[in-house]
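# Fold and contact review
What follows is the residue order along each chain.
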Amino acid sequence: MDMRARPYRSVLYIPGSKERALEKARTLPVDAIIFDLEDAVAPAEKPAARDTLKTALAQGYGKRTTIVRINALDTEWGRADAEAAAQMNCDAILLPKVDGPEHLDALAQITGDTPLWAMMETPKGMLRAAEIAAHPKLAGMVMGTNDLAKELQSRFRPDRLPMMTGLGLCLLAAKAHGTVIVDGVYNAFKDDDGLRAECEQGRDMGTDGKTLIHPAQVEIANETFAPSQAEIDLAQRQIDAFEAAGKEGQAVAVVDGKIVENLHVATARETLAKAEAIAALSAE
Ligand SMILES: CC(C)(COP(=O)(O)OP(=O)(O)OC[C@H]1O[C@@H](n2cnc3c(N)ncnc32)[C@H](O)[C@@H]1OP(=O)(O)O)[C@@H](O)C(=O)NCCC(=O)NCCSC(=O)C[C@H](O)C(=O)O
Ligand SMILES: [Mg+2]
């Protein structure tokens, strides 16, 4: 299956060193998993985490998309992580702190044909988002809003105003190049209302889903980023009305008092395709 056709409503980080969490993930209804070797793994545990992860991934994670996040190549662990990840049973490798396409070039020299994802979390990365999105090996972008806030010296706000320039630049780049884009994490993993509000904001803006840090966050992300039954019904009615109008020689239909043109039909078809992809993933 084309990586870009899969759903990414819920993308759960799991520390590569935590065997219990690696096991539990097989029971969770997540669309994708980021197996982390970077921030969630203590320095002393990093070498062993590579082996733990390789064994866990060899056992498989069903239809979930599997992505391994390595350490940056300019760290003492980066090269060994990249070499190890290239041998793992995963769908993609995620590189943190990508400043420009040359970082992806350097990784691709080690990892060969494996698709790459980029953490978008540095000011340079924001300013070069379009070049990063255009990289031939790039299949997805992940917003790193914690690192970005650190770099910007900004404060966390419920409306995420300080994030909007970076998020907007990355969204434009991802959409211009047909790349998946997943929103950053919500740190307060026991605050369901805050998480829901941030998911809604990310969905409204056009991100494909949310990165998560705890299983308790999965349900809200899955719900928010899936087309609702009302959206599915409307999409089908728009397609039907437009096709009926076409048979009458009309280029415009009206549904619920609103015009439906070919561009709205394209969106309606995307809604149905997303619902089908989610249903296919759930049917394990
Ligand atoms: C945040 C946590 C440290 C909390 O862990 P813990 O106290 O163990 O939580 P619970 O006791 O509530 O756990 C209940 C069960 O769920 C399992 N669990 C917990 N977390 C995960 C997980 N992420 N994936 C799968 N399973 C998980 C526990 O094992 C318990 O299982 P069981 O005993 O069988 O019931 C912890 O959640 C955690 O470590 N989360 C991940 C943190 C992480 O990955 N951070 C790095 C990514 S965020 C980032 O880097 C952002 C980005 O780069 C940026 O810049 O923004
Ligand atoms: Mg980060």
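Residues numbered from 1 in each chain as written. Chains lettered and ligands numbered in written order. Predicted model: local features only at pLDDT ≥ 70, side-chain atom pairs only at ≥ 80, totals over all residues.

Under an unreviewed UniProt entry, the name given to the chain is (3S)-malyl-CoA thioesterase, and the source organism is Allosediminivita pacifica. UniProt, in its Cofactor (unreviewed entry) section for the chain, records the words "Mg(2+)". The Sequence similarities (unreviewed entry) comment attached to the chain in UniProt states, word for word, "Belongs to the HpcH/HpaI aldolase family." (UniProt positions renumbered as here; feature names shortened; annotations may be inferred.)

## Some details on the site of ligand 1
Taken together, 23 residues surround ligand 1, and among them Y13, A40, G144, N146 and D147 come closest. At the level of elements, β1 (10-15), α1 (19-24) and α7 (145-152) are the ones that each hand at least two residues to the shell around ligand 1. With four residues, the top contributor of residues to the shell around ligand 1 is β1. (Near = placed C-beta within 6 Å. Helix = DSSP H or I, 4+ residues; strand = E, 2+ residues; numbered from the N terminus.)

## Some details on the domain arrangement of the chain
Taken domain by domain, the chain consists of domain 1 (3-225) and domain 2 (229-282). Inter-centroid distance (C-alpha atoms) of domain 1 to domain 2 is 32 Å. Looking at the side of domain 1 that touches domain 2 residue by residue, the class counts come to two nonpolar, no polar and three charged. (Domains from an automatic or database assignment. Nonpolar A, V, L, I, M, F, W, Y, C, P; charged D, E, K, R; others polar.)

## Here's the deal with the pairing of strand β3 (residues 65-69)
For β3, the tally of buried residues reaches five of five residues, placing the bulk of the element in the interior. A two-sided burial pattern is seen for β3, the buried positions comprising T65, I67 and R69 on one face and T66 and V68 on the other. Relative to β3, strand β2 (residues 32-36) runs parallel, the two sharing five bridges. Considered in β3, the bridge of I34 is made with I67. Remark: the β2/helix α2 (residues 46-58)/β3 crossover connection has right-handed handedness. Pairing analysis gives three bridges linking β3 to strand β4 (residues 92-95), with the strands arranged parallel. (Buried ≥ 20, exposed ≤ 12 C-beta atoms within 10 Å, placed from the backbone. Pairing = 2+ DSSP bridges. Right-handed = clockwise from strand over helix to strand, strands pointing away.)

## Here's the deal with the UniProt feature "domain: HpcH/HpaI aldolase/citrate lyase" (unreviewed entry) in the chain
UniProt records the feature "domain: HpcH/HpaI aldolase/citrate lyase" (unreviewed entry) at residues 9-215, using the numbering of this structure. Within the segment residues 9-215, helix and strand shares are 41% and 19% respectively, and the terminal C-alpha atoms sit 13 Å apart.

## Notes on the environment of D208
In this fold, D208 is placed in the loop between α9 (192-205) and β8 (209-212). With 24 C-beta atoms counted inside 10 Å, the residue D208 sits in the buried group. Measuring from C-alpha to C-alpha, the distance between D208 and P7 comes to 7.5 Å, with 201 residues separating the pair along the chain. Those residues in contact with D208, other than ones at most four positions away along the chain, are Y8, V180, I181 and V182. (Contact = placed C-beta atoms within 7 Å.)

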